[in-house]
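# An overview of the molecular structure
Next come the chains, spelled out residue by residue.
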Amino acid sequence: MRRFERKQNIFTNKDALGESYKPERIEERDDEISEYMDALQPVVDGWEPNNVFLYGNTGVGKTAVTEFLLEMLLEDVSKYDDVSLSVISLNCKTLNSSYQVAVELVNELRPTGAEISSTGYPQQTVFKKLFEELDDVGGTILIVLDEVDSIGDRDELLYELPRARSNGKLEEAKVGLIGISNDFKFHDQLDPRVQDTLCERELHFPPYQAPELQNILESRADVAIAEDSCEEGVLNLCAALAARDSGSARQALDLLRLAGEHAENKDDEKITLDHVDIARQKLEQERVVEGMRELTENGHFALLAVVSKAANDETPCRMRDLYQEYLRLCNSAGIDPLAQRSVHNHLSDLRMLGILSAEENRTGSRGNYYSYALDVPFNSAMTALSDVLALDSVLDEIRKTAHEATSLSA
Ligand SMILES: Nc1ncnc2c1ncn2[C@@H]1O[C@H](COP(=O)(O)OP(=O)(O)OP(=O)(O)O)[C@@H](O)[C@H]1O
């Protein structure tokens, strides 16, 4: 039997490629950092802090830059006796109302054992408790709300907190909000009065380009990967793949980590371009599986219709034809089909998740229509579908068609 054995030939510090690692240096964000520092300057000067709103796609350094700068700010203000700065950070992912966020903040500020319950109070009572806690801490308080869009349209706290001091609800504390979001719609949906305050200073983090990702990867690989354990071109390929897809540093780091793990598991001496390719496929597959989890059964069938058309080499395929295929598949599985409009909504969701791509075709006077195609490899979609659908015969048929189509075209 195989036994556990330590393998440390590829990585010197694998954790440095993981999510919890705090980089010593932030690469390629000088302009954003400079703007961010300007927005935080009033804290150092002892004035009321600005509220700052950061937005940009996932993995573009919003959280990393925020953590880096706030740590630096805490250190730098410690030399001014008249500034007392506290930072409270909260990830709002699972909190979908002002009420829940306020309860969490109160409990962050209270000692263990004195927490309040997450239900049962009127909202204003929780807000009042929060203001009391903040006044107890006093001084300048920066509240970081990551994934703030989860709060949805129940955003009263984002209105009340920045105004609490001028409304006489806070006396000792000067509070600044830092909201972080990767939902571009959230900003526009905010009540204009909330927009005015929360977005006092707005910072946009654009997706990274390949050379920027390459620099981020190089500085991380210095810490994470043993010397001479990376074949020439590996970092370049990880950077290029991530730049082409999402511009996310997280994706580039994930590719490198997975490629390294693969090399290590195979007892190979170096990470090669082939390992990166395997890592890419694995990540793509995970993304499809992840996206699929959020779909209903009808969403799975909408995807199945596109997969089936792809097997016949008939994609991009227009909605009208996809819907016929969807009806055929629902019929053979014995499930009630949805109307075409609802199937269209499912296809749009799949597009948002990066599983499908869509192109708009113009037909002149008769309006435009969309054609859909897979935006992930056929095999990844098939594997993900076979995990969620108990439809072996249909899936086998699609596999067979795809096989025949490739052998015919080969
Ligand atoms: N400029 C950078 N220099 C060094 N590391 C970076 C940089 N940008 C991002 N990273 C790293 O990439 C990963 C993702 O970054 P981060 O969590 O800051 O993204 P984000 O924009 O907050 O994404 P999300 O919206 O999904 O939370 C982290 O491991 C972070 O350390």
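The rules we used
Residues numbered from 1 in each chain as written. Predicted model: local features only at pLDDT ≥ 70, side-chain atom pairs only at ≥ 80, totals over all residues. Helix = DSSP H or I, 4+ residues; strand = E, 2+ residues; numbered from the N terminus. Expected span 1.5 Å × (residues − 1). Bend = angle between axes of the 7 residues up to and from the residue. Buried ≥ 20, exposed ≤ 12 C-beta atoms within 10 Å, placed from the backbone. Contact = placed C-beta atoms within 7 Å. UniProt positions renumbered as here; feature names shortened; annotations may be inferred. Axes fitted to C-alpha atoms, helices over the stretch in contact; angles between N-to-C directions. Parallel < 35°, antiparallel > 145°, perpendicular 65-115°, else oblique. Left-handed = near helix turned anticlockwise from the far one by under 90°. Domains from an automatic or database assignment. Nonpolar A, V, L, I, M, F, W, Y, C, P; charged D, E, K, R; others polar. Near = placed C-beta within 6 Å. Pairing = 2+ DSSP bridges.

## Points about helix H1 (residues 30–45)
An ideal rise of 1.5 Å per residue puts 22 Å on 16 residues; H1 measures up with 22 Å between its terminal C-alpha atoms. The largest bend in H1 amounts to roughly 40° and is located at Ala39, with the proline Pro42 lying one to four residues further along. If you check which residues of H1 are buried, you get Glu32, Tyr36, Ala39, Leu40 and Val43. Next to the buried residues of H1 lie strand E1 (52–55), helix H2 (62–77), strand E2 (85–91), strand E3 (139–146) and strand E5 (201–204). In the segment just after H1, Gly46 is the residue with positive phi, at about 90°.

## Concerning the UniProt feature "domain: AAA+ ATPase" (unreviewed entry) in the chain
The feature "domain: AAA+ ATPase" (unreviewed entry), as given by UniProt, occupies residues 48–204 in the numbering adopted here. Within residues 48–204, the helical portion is 41% and the strand portion 20%, while the C-alpha atoms at the span's ends are 23 Å from each other.

## Describing unusual backbone geometry
For the bond from Thr315 to Pro316, the omega torsion is -5°, close enough to zero to count as cis. By the element assignment, Pro316 lies in the loop between helix H12 (297–311) and strand E6 (317–318). Of note, Glu147 is a non-glycine position whose phi angle comes to about 50°, a positive value. Relative to the helices and strands, Glu147 is located in the loop between E3 and helix H5 (156–163). Judged by C-beta crowding, with 21 C-beta atoms within 10 Å, Glu147 ranks as buried. In this model, Asp228 sits at a positive phi of 60°, which is unusual for a non-glycine residue. Within the secondary structure, Asp228 is located in the loop between helix H8 (210–224) and helix H9 (234–245).

## Topic: the packing of H12 against helix H13 (residues 319–333)
It is at 9 Å that the axes of H12 and H13 come closest, and there the two elements cross at 110°. If you check the angle between H12 and H13, you find them roughly perpendicular. In the crossing of H12 with H13, the sense of the turn from one axis to the other is right-handed. Two secondary-structure elements touch here, H12 through Phe301, Ala302, Leu304, Ala305, Val306, Ser308 and Lys309 and H13 through Leu322, Glu325, Tyr326, Leu329 and Cys330.

## With respect to the domain arrangement of the chain
When the domains of the chain are assigned, the result is domain 1 (30–204), domain 2 (208–291) and domain 3 (294–405). Contacts between the two partners involve seven residues from domain 2, matched on the other side by eleven residues from domain 3. The residue makeup of the side of domain 2 that touches domain 3, split by class, is two nonpolar, three polar and two charged.

## Section: the site of the ligand
Taken together, 19 residues are adjacent to the ligand, and Thr58, Gly61, Thr63, Ala64 and Ala249 come closest. Considering only residue class, the shell around the ligand consists of seven nonpolar, six polar and six charged. Each of two domains, domain 1 (30–204) and domain 2 (208–291), supplies a minimum of three residues to the shell around the ligand.

## Regarding the sheet that holds strand E7 (residues 356–362)
One open sheet accounts for three strands, arranged E6-E8-E7; its pairing is antiparallel. Two strands lie at the open edges of the sheet, namely E6 and E7, each paired on one side alone. Across seven bridges, the pairing between E7 and strand E8 (residues 368–374) is antiparallel. From the neighbouring strand, Asn361 faces E8, where its bridge partner is Tyr369.

## Description of the environment of Ala302
Looking at where Ala302 falls in the secondary structure, it is placed in helix H12. Among the residues examined, Ala302 registers 30 C-beta atoms within 10 Å and is labelled buried. Setting aside residues no more than four positions away along its own chain, Ala302 makes contact with Tyr326, Val343, His346, Leu347 and Leu350.

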